[in-house]
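# Descriptive structure summary
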Amino acid sequence: MWPPGIALTRDPRYPWVSPQDYRNVPIDIQTSKLLDWLVDRRHCNLKWQSKVLTIRQKINVAIQDMPENEEIKQLLSGAYLHYFHCLRIVEILKDTELSTKNLFGRYSSQRMKDWQEIVSLYEKENTYLAELASLLVRSISYEIPSLRKQLSRCQQAQQDFARREEECELGAAEQRERFLASCRQYGITGDNVRQELLALVQDLPALLGEIGAGASTLSEPIELYQACVEFVCQSPTELVVPLLRYVGERGNTTVHEWRTGRPPLRLQRPPAGRGAGAARARHAGYVGRVSELLGQKLQRAELLLAKKEALGRRRLEALGEQAALEPRLDRLLRRTRELQRLIEGDISKRYSGRPVNLMGVSV
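So, here is what we can say about the structure in this document. Here the structure is a predicted model, which means the values were calculated and not measured. (Residues numbered from 1 in each chain as written. Predicted model: local features only at pLDDT ≥ 70, side-chain atom pairs only at ≥ 80, totals over all residues. Heavy atoms only, no water.)

This part covers the overall build of the protein chain. Per the secondary structure count, the protein chain includes 13 helices and two strands. Of all 363 residues assigned to the protein chain, the portion counted as buried reaches 31%. Here the analysis covers contacts within the protein chain between residues at least 6 apart in sequence; of these, 66% occur between residues at least 24 apart. For the protein chain, the exposed surface amounts to about 24400 Å²; the carbon and sulfur share of it is 53%. (Helix = DSSP H or I, 4+ residues; strand = E, 2+ residues; numbered from the N terminus. Buried < 20%, exposed > 50% of the residue type's maximum accessible area, 1.4 Å probe, protein only. Contact = heavy atoms within 4.5 Å. Areas by Shrake-Rupley, 256 points an atom, 1.4 Å probe, with all protein chains shown as cover.)

Time to look at a nonpolar patch on the surface. Together, Leu204, Leu207, Leu208 and Ile211 make up an exposed nonpolar region whose accessible area comes to about 340 Å². One can find leucine 204 in helix H9 (residues 204-215). (Patch = residues over 30% accessible without salt bridge, like charges linked within 9 Å, V, L, I, M, F, W, Y side chains within 5 Å. Salt bridge = Lys/Arg side-chain N within 4 Å of Asp/Glu carboxyl O.)

We now examine the side chain of threonine 336. Secondary-structure assignment places threonine 336 in helix H13 (residues 274-350). For threonine 336, a relative accessible area of 0% puts it in the buried group.

Our focus in this paragraph is the packing of helix H3 (residues 48-62) against helix H7 (residues 127-186). The N-to-C vectors of H3 and H7 enclose an angle of 95°; their axes lie 10 Å apart at closest approach. Between H3 and H7, the interaxial angle falls into the category roughly perpendicular. Every residue of H7 that contacts H3 at Trp48, Lys51, Val52, Ile55 and Arg56 is listed here: Thr127, Ala130, Glu131 and Ser134. Residue composition of the contact of H3 with H7, grouped by class: four nonpolar, two polar and three charged. (Axes fitted to C-alpha atoms, helices over the stretch in contact; angles between N-to-C directions. Parallel < 35°, antiparallel > 145°, perpendicular 65-115°, else oblique. Nonpolar A, V, L, I, M, F, W, Y, C, P; charged D, E, K, R; others polar.)

Counted by the stated rule, this structure contains 19 salt bridges. Between lysine 73 and glutamate 68 there is a salt bridge whose closest N-O contact spans 3.3 Å. According to the relative accessible area criterion, lysine 73 is partly exposed, its value standing at 46%. Given the relative accessible area of 69%, glutamate 68 is considered exposed. Connected through shared salt-bridge partners, Asp65, Glu97 and Arg111 make up one network.

To continue, consider the state of the cysteines. With the rule as written, the count across this model stands at zero disulfides. The thiol sulfur of cysteine 233 is not disulfide-bonded, and the nearest other cysteine sulfur, from cysteine 228, lies at 9.0 Å. (Disulfide = S-S within 2.5 Å.)

Where burial is concerned, the two faces of strand S1 (residues 27-30) differ: the one with Ile27 and Ile29 is buried and the one with Asp28 and Gln30 is not. Relative to strand S2 (residues 356-359), S1 is paired through four bridges, and the arrangement is parallel. Across the sheet, glutamine 30 pairs through a bridge with methionine 359, a residue of S2. (Pairing = 2+ DSSP bridges.)

Moving on, we get to the layout of surface pockets. Quantified by volume, the largest pocket comes out at close to 620 Å³. Contributing elements (two or more residues each) for the lining of the largest pocket: helix H4 (70-76), helix H5 (83-96), H7 and H13. The greatest single-element share of the lining of the largest pocket, amounting to eight residues, is contributed by H13. (1 Å grid on protein atoms, 1.4 Å probe; cavity = no way out; pocket = protein on both sides within 12 Å on 5 of 7 lines; lining within 4 Å. Points joined across faces, edges and corners; volume = space filled by probe spheres on them.)

The phi torsion of most residues other than glycine is negative, and most of the peptide bonds are trans. One non-glycine residue, arginine 42, lies in positive phi territory at about 60°. Topologically, arginine 42 is positioned in the loop between helix H2 (34-40) and H3. Among the residues examined, arginine 42 registers a relative accessible area of 77% and is labelled exposed. A positive phi angle, close to 55°, is found at glutamate 125, a residue other than glycine. Within the element layout of this structure, glutamate 125 appears in the loop between helix H6 (110-123) and H7. Residue classification places glutamate 125 among the partly exposed positions, given a relative accessible area of 37%.

Once that is clear, we can look at the nonpolar core. As a rule of thumb, nonpolar side chains are buried together in soluble globular proteins. Leu34 and Trp115 are the most contacted members of the largest nonpolar core, which has 41 residues in total. Ranked by residues supplied to this core, first place goes to H7 with eight residues. In contact with leucine 34, not counting residues within four places along its chain, are Ile29, Ala133, Leu136, Ile343, Ile347 and Leu358. The next biggest cluster of nonpolar side chains, apart from the first, holds nine residues, and it includes Ile188, Val193, Leu197 and Val201. (Core = buried A, V, L, I, M, F, W, Y, C linked by side-chain atoms within 4.5 Å.)

Another aspect to go through is the packing of aromatic side chains. Each aromatic ring pair is described using two quantities: the centre-to-centre distance and the angle formed by the ring planes. On inspection of all chains with the given rule, the structure shows five aromatic pairs. Measuring from ring centre to ring centre gives 4.1 Å for tyrosine 83 and tyrosine 128, while their planes differ by 25°; the resulting arrangement is stacked. Note that tyrosine 83 is positioned in helix H5 and tyrosine 128 in helix H7, a separation of 45 residues in sequence. Assigned by exposure class, tyrosine 83 and tyrosine 128 land together as buried. Centroid distance phenylalanine 84 to tyrosine 128: 6.1 Å. Interplanar angle 90°. Geometry classified as edge-to-face. Linking phenylalanine 84 in helix H5 with tyrosine 128 in helix H7, this pair joins segments that are 44 residues apart in sequence. A residue is classified by how much of its surface remains accessible, and tyrosine 128, at 7% relative accessible area, is buried. Three or more aromatic residues joined by ring pairs make a cluster, and in this case those are Tyr83, Phe84, Tyr122 and Tyr128. Taking the ring centre of tyrosine 80 as reference, the NZ or CZ of arginine 56 above it sits at 4.0 Å. (Phe/Tyr/Trp six-rings, centres within 6.5 Å; stacked < 30°, edge-to-face > 60°. Lys NZ or Arg CZ within 6 Å of the ring centre and 35° of its normal.)

As structure tokens, this is what we get:
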């Protein structure tokens, strides 16, 4: 027997719930199956889409002739006019078209007639409810995920561009440092590579003389190195560093004297004309090659900085796209929450005010 005071409900899931308490039992509907739920329970017609198409055509015609009203302008500027918007337009027209109302409460205004017809078509077989359900499903299944994915791509692109900008900046600094290090090796500042190298070439004879004079102080280290080699090899060896020994003993001499051991009888400087021109050409060629090598390092640094600037522009473009997408997503989320509220309220009225929960709407 049933417990006293408890009546069997129509819902087999809650057999022990009293009719009074049954009104508080929620109706849970999976949103992705909402349209099927409405059709299966005969709230909506299976061919609701063809009816909506007719209604949309009438709406497109009706909005061409609207009174000057700020609220109507806001409604028409929205993304999509649905049944509840049309209801609100009819309420507004009751004021704007008041002068066309006759003694029987009817309006002679064609505007009012058009929108009343639209509302009536929407209400026939609850076509409006099927359309609202379709809009809600499309929002949560496609539009919201698509916008969120676009936003995620924009944010990821900004991070990637910022990372690559930093890499370019570090790479440019490294190339710049390599350029300066090479300049230090050549004894120049790098402000004007070609002119500084040409100046070095002119100073070369004096520099070689200084090197020769400095090599004369290395005799003791050379002998120490010689003894070390002989100790390690455990036998007398050839003289080590013969060229350095020679420069230390003789200074900056000619190649002829180094090879033959005899100074040349006379030194012949390149005469003016072809000889001097050839020497200048060799010097210029050397300076040109070194200038090009050093310039390549500097050019790579400049290219990396230019790439950094291009990446910065693309990062700002992604930021601008994100700024445009965020308000769109906010509007869509608000519209989706409103659709959810309207649908849940409408279904609740059909079931004696029982609470309705559309499941799967995470906005």
